[in-house]
Amino acid sequence: VPNSRFRTEGDGNWQDYRNFGSTVTLPAGIHVLKLYYDFANYNLRFMSFLPDNRPFPVPGNIPCEEFNQGGEGVGYHDNSTSHDGPGGNAGYRLDEHVGIEQNKVGGGYDIGWTSDGEWLKYDINVLRTGDYSLAVRVGSPNPPNGGNRFHVEIDGDDVTGAMTCPNTGGWQNWTDIVSPRTIHLTK
């Protein structure tokens, strides 16, 4: 049961977006998606079909704001007990304490206001056994020698080693960094 989220114009500005959601059941196979404007006076940025309480398919993209449900200690660990950042989670996942903001560059959301020892957990479903490179999109105005590092674990094992976030020139200036290790995943 994928969850489709539509990005549309917010209050007062053609470039402020918010989500509209709908849950649909689709049988396996080829389908034709038609976007029909019933009443049109807004911008649409993109549509995303995301698993609804199911693992993310790999290979594929995993939106960082779609960490597992279950709250503190289950889907995430956050050292703060309040919403971080301006706007308090940008109107998305308001019951979570993770710092979520609207991404001003590419649409959607991103995770920010992180601190040492925090984590996010995602269920994944490996579709094909093989060796994978992991690319992570990052943004930071800080120099990399300031300790801007993270790693990715699968089933409790560090599969990437330390990944360093470079100075990209700003929190919303994005670049992809690739894991220093190839990751072998089994279907």
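Residues numbered from 1 in each chain as written. Predicted model: local features only at pLDDT ≥ 70, side-chain atom pairs only at ≥ 80, totals over all residues. Heavy atoms only, no water.

K.L.:
Help me understand the overall build of the protein chain in this model?
P.N.:
Each helix and strand in the protein chain was counted, giving 0 helices and 17 strands. Burial statistics for the protein chain: of 187 residues in total, 30% are counted as buried. Partitioning the contacts of the protein chain with sequence separation of at least 6, the portion at a separation of at least 24 is 60%. Of the roughly 11,900 Å² of accessible surface on the protein chain, a fraction of 51% belongs to carbon and sulfur atoms. (Helix = DSSP H or I, 4+ residues; strand = E, 2+ residues; numbered from the N terminus. Buried < 20%, exposed > 50% of the residue type's maximum accessible area, 1.4 Å probe, protein only. Contact = heavy atoms within 4.5 Å. Areas by Shrake-Rupley, 256 points an atom, 1.4 Å probe, with all protein chains shown as cover.)

K.L.:
Help me out: how do you make sense of the pattern of salt bridges in this one?
P.N.:
Oppositely charged side chains can form a pair if their charged atoms are brought close together. Within the structure shown, the criterion is met by 2 salt bridges. A salt bridge links Asp 176 to Arg 137; the nearest nitrogen and oxygen atoms lie 2.8 Å apart. Of this pair, Asp 176 sits in strand E16 (residues 170–178) while Arg 137 sits in strand E11 (residues 135–140); the two residues are 39 residues apart in sequence, bridging distant segments of the chain. Under the relative-accessibility criterion, Arg 137 is labelled exposed at 53%. (Salt bridge = Lys/Arg side-chain N within 4 Å of Asp/Glu carboxyl O.)

K.L.:
Would you take a moment to explain the packing of aromatic side chains for this structure?
P.N.:
Here the distance between the centres and the angle between the planes together describe a pair of aromatic rings. Enumeration over the complete set of coordinates arrives at 2 aromatic pairs. Centroid distance Phe 67 to Tyr 76: 5.5 Å. Interplanar angle 75 degrees. Geometry classified as edge-to-face. When its relative accessible area of 1% is taken as the criterion, Tyr 76 is described as buried. Between Tyr 92 and Tyr 109, the aromatic rings sit 4.7 Å apart at their centres with planes inclined by 10 degrees, giving stacked as the arrangement. (Phe/Tyr/Trp six-rings, centres within 6.5 Å; stacked < 30°, edge-to-face > 60°.)

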